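Topology and contacts: notes
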Amino acid sequence: MTKIVEINCLEHIYPDKTKVEICGVEFTVEKGEKIAVLGENGAGKSTILKHITGLLEPSKGTVLVFGENPHKNFNKISMKIGTVLQNVDEQLIGATVLEDIMFAPLNYGFSKNEAEQKAVKIMETLNILHLKDKVIHYLSGGEKRKVAIAGALVLEPELLVLDEPFTGLDKKSQNSLVNLLNKICSEKSMSLVVSTHDVEVVAEFADTMYLISNHKVSTKGVIADLLTNTELLQEYNLEPPSIVKLFKKLNLENFDKLPLTVDEAVEILKR
């Protein structure tokens, strides 16, 4: 497998002396792999993502993205990376939705007609074409997040980095986004890194999960193993998904595994 992201013993110290470490557990992202970084608010999830996207430079350690130092050589890899920040207002710069989504294609040399075609195509995919001529300032929080995601996907990146992407989205929009990410990752072999504190949604999209607390990443594993380990999750101030808690309380002997999604639960109950 091709490694898209490699982080080895990273340390970052903020001006207020807050220290974030990724040491002891190698943080990697393979081509086509879908990663979830879980932890409570303030644990340091955004710090990891900001190093991947070159917004921060480590105090110690190494960060490689597509074989490059993303902080020093981001211009070499920028077209391969789509990013949505936790505060989407920081990255929405167009006056209207269409102008904002067209910004990246225009910046990379596409003609105005080509840029508009790309923007319309991704807006159709995300079901936000009706927002095309809306002024960004007047959009709701959830609409702004969808526009930011459209802007991140418009150039069909090889790596998509999303910081708390489900914030401000209703359940229907959340499910639509998960389905879209799964579809694009499958069709395009796109790698995905998502930070979240929402354990309920992780099983719907992720292959691999990293747990972070006290500004340190110390656990990595497959979703089925970590989300069903109640004791481990509690160490990170996280609760297991509701379905896992329900089936543990049912405590029926013929369950060979605990379900993580509604579909898995239905199949087990049918059997």
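First things first, this report covers the structure right here in the doc. Model, not experiment: these values are computed from the prediction.

What follows covers the nonpolar core. One finds Ile101, Phe205, Met209 and Leu211 to be the most contacted residues of the largest nonpolar core, which totals 57 residues. Setting aside chain neighbours within four positions, we find Ile101 in contact with Ala119, Ile122, Met123, Ile128, Val147, Ala150, Gly151 and Val154.

Right, let's talk about the environment of Glu116 for a bit. Structurally, Glu116 can be placed in helix 4 (residues 112-125). Spatially, the C-alpha atoms of Glu116 and Phe103 are 9.5 Å apart, while their sequence positions differ by 13 residues.

The contact between helix 3 (residues 97-107) and helix 5 (residues 141-153) brings their axes to 8 Å, and the two run at 30°. As judged from the angle between their axes, helix 3 and helix 5 are roughly parallel. Read as a crossing pair, helix 3 and helix 5 show a hand that is right-handed. Residues Val97, Asp100 and Ile101 of helix 3 lie in contact with helix 5, whose contacting residues are Val147, Ala150 and Gly151. When its residues are assigned to classes, the contact of helix 3 with helix 5 shows four nonpolar, one polar and one charged.

Quick look at the packing of helix 3 against helix 4 now. Contact pair helix 3 / helix 4: the axes reach a minimum separation of 8 Å and the direction vectors enclose 120°. With respect to each other, helix 3 and helix 4 are oriented oblique. Handedness of the crossing formed by helix 3 with helix 4: right-handed. Contacts between helix 3 and helix 4 pair Val97, Leu98, Ile101, Met102, Pro105 and Leu106 from the former with Lys112, Ala115, Glu116, Lys118, Ala119, Ile122 and Met123 from the latter.

With that out of the way, let us pick up the environment of Phe74. Inspection of the secondary structure puts Phe74 in helix 2 (residues 74-77). A sequence separation of 53 residues divides Phe74 from Asn127, and the C-alpha atoms of the two residues are 31 Å apart.

Owing to its 3.6 residues per turn, the α-helix brings residues three or four apart onto one side. Buried within helix 3 are the following residues: Val97, Leu98, Asp100, Ile101, Met102, Ala104 and Pro105. On its buried face, helix 3 is in contact with helix 4 and helix 5.

There is about 670 Å³ of room inside the largest pocket. Lining the largest pocket are 25 residues, and of these Ile81, Thr83, Gln91, Ala104 and Gly151 sit closest to its centre. Among the secondary structure elements, those contributing two or more residues to the lining of the largest pocket are strand 6 (81-84), helix 3 and helix 5. At five residues, helix 3 tops the list of elements feeding residues into the lining of the largest pocket. Of the residues in the lining of the largest pocket, the class split is 17 nonpolar, seven polar and one charged.

Turning our attention to the side chain of Glu11. Tracing the backbone through its elements, the reader meets Glu11 in strand 1 (residues 3-13). Judged by relative accessible area, which is 9%, Glu11 ranks as buried. Non-local contacts of Glu11, meaning those with residues more than four positions away in its chain, are made with Lys19, Val20, Glu21, Pro58, Ser59 and Lys60.

Moving on, we come to the side chain of Gln174. In this fold, Gln174 is placed in helix 6 (residues 171-188). Given a relative accessible area of 8%, Gln174 falls into the buried group. Within the local environment of Gln174, its side chain forms a polar contact with the side chain of Lys171, the two groups lying 3.1 Å apart. Those residues within four positions of Gln174 in sequence are excluded, and the remaining contacts are Phe166, Leu169, Asp198 and Val201.

Applying the stated criterion across every chain yields a total of two aromatic pairs. Arranged with centres 4.2 Å apart and planes meeting at 25°, the rings of Phe27 and Tyr210 form a pair that is stacked. A residue pair is termed long-range when its members are at least 10 positions apart, and Phe27 in strand 3 (residues 27-30) and Tyr210 in strand 9 (residues 208-213) qualify at 183 residues. Assigned by exposure class, Phe27 and Tyr210 land together as buried. With a centroid separation of 6.0 Å and an interplanar angle of 45°, the aromatic rings of Phe166 and Phe205 are classed as tilted. In this pair, Phe166 is assigned in the loop between strand 7 (159-163) and helix 6 and Phe205 in the loop between helix 7 (199-202) and strand 9, connecting sequence segments 39 residues apart. Residue class for Phe166 comes out buried when judged on its relative accessible area of 7%. Its relative accessible area of 2% is what places Phe205 among the buried residues.

The rules behind these values
- Residues numbered from 1 in each chain as written.
- Predicted model: local features only at pLDDT ≥ 70, side-chain atom pairs only at ≥ 80, totals over all residues.
- Heavy atoms only, no water.
- Core = buried A, V, L, I, M, F, W, Y, C linked by side-chain atoms within 4.5 Å.
- Buried < 20%, exposed > 50% of the residue type's maximum accessible area, 1.4 Å probe, protein only.
- Contact = heavy atoms within 4.5 Å.
- Helix = DSSP H or I, 4+ residues; strand = E, 2+ residues; numbered from the N terminus.
- Axes fitted to C-alpha atoms, helices over the stretch in contact; angles between N-to-C directions.
- Parallel < 35°, antiparallel > 145°, perpendicular 65-115°, else oblique.
- Left-handed = near helix turned anticlockwise from the far one by under 90°.
- Nonpolar A, V, L, I, M, F, W, Y, C, P; charged D, E, K, R; others polar.
- 1 Å grid on protein atoms, 1.4 Å probe; cavity = no way out; pocket = protein on both sides within 12 Å on 5 of 7 lines; lining within 4 Å.
- Points joined across faces, edges and corners; volume = space filled by probe spheres on them.
- Polar contact = N/O pair within 3.5 Å; in protein donor to acceptor, adjacent residues only side chain to side chain.
- Phe/Tyr/Trp six-rings, centres within 6.5 Å; stacked < 30°, edge-to-face > 60°.

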